[in-house]
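What follows is the residue order along each chain.
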Amino acid sequence: LTATGWPVAHYGLGRLLLYIQGRYQPKGGILITEAGAAFDGDSDSAGPRQATYLQRQSVVLRRAMLEGADVRGYIWWTLMDNFEWSY
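Residues numbered from 1 in each chain as written. Predicted model: local features only at pLDDT ≥ 70, side-chain atom pairs only at ≥ 80, totals over all residues. Heavy atoms only, no water.

1. Some thoughts on the environment of Gly-36
Looking at where Gly-36 falls in the secondary structure, it is placed in the loop between β1 (30-32) and α2 (43-66). Separated by 39 residues in the primary sequence, Gly-36 and Ile-75 have C-alpha atoms spaced 8.1 Å apart. (Helix = DSSP H or I, 4+ residues; strand = E, 2+ residues; numbered from the N terminus.)

Structure, rendered in structure tokens:
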């Protein structure tokens, strides 16, 4: 679970990418933004969970690409993430 209590379903990323590719066939490919997840704890305790999350996302992402999803980029986290949750 993430810090907000949401479960992580990595397979959903792959299914969504294949759906978008099949339905819309975006000419410029697919750019994934804001794909990170927050985990409780400081950087020492949350770091391994974030690394595992990113590794699993990478596996699903690569599998979807091999199945035809034209993914051109993956942005895991941005500076703005830190501002949006503070209000």
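2. Considering the nonpolar core
Counting residues in hydrophobic clusters, the biggest one holds 10 residues: Leu-13, Leu-17, Ile-30, Ile-32, Ala-35, Val-60, Leu-61, Ala-64, Ala-69 and Val-71. Of all elements in the fold, only α1 (10-24), β1 and α2 reach the threshold of two or more residues within this core. When residues of this core are assigned to their parent elements, the largest contribution, 3 residues, is made by α2. Leaving out residues up to four positions away in the same chain, Ile-32 has contacts with Leu-13, Leu-17, Leu-61, Val-71, Gly-73, Tyr-74 and Ile-75. (Core = buried A, V, L, I, M, F, W, Y, C linked by side-chain atoms within 4.5 Å. Buried < 20%, exposed > 50% of the residue type's maximum accessible area, 1.4 Å probe, protein only. Contact = heavy atoms within 4.5 Å.)

3. Looking at unusual backbone geometry
A positive phi is found at Gln-25, a non-glycine position, where the angle reads about 40°. As for its position among the elements, Gln-25 is in the loop between α1 and β1.

4. Let's talk about a nonpolar patch on the surface
A surface patch of nonpolar side chains, about 350 Å² in accessible area, is lined by Leu-16, Tyr-19 and Tyr-24. If you trace the backbone, Leu-16 turns up in helix α1. (Patch = residues over 30% accessible without salt bridge, like charges linked within 9 Å, V, L, I, M, F, W, Y side chains within 5 Å. Areas by Shrake-Rupley, 256 points an atom, 1.4 Å probe, with all protein chains shown as cover. Salt bridge = Lys/Arg side-chain N within 4 Å of Asp/Glu carboxyl O.)

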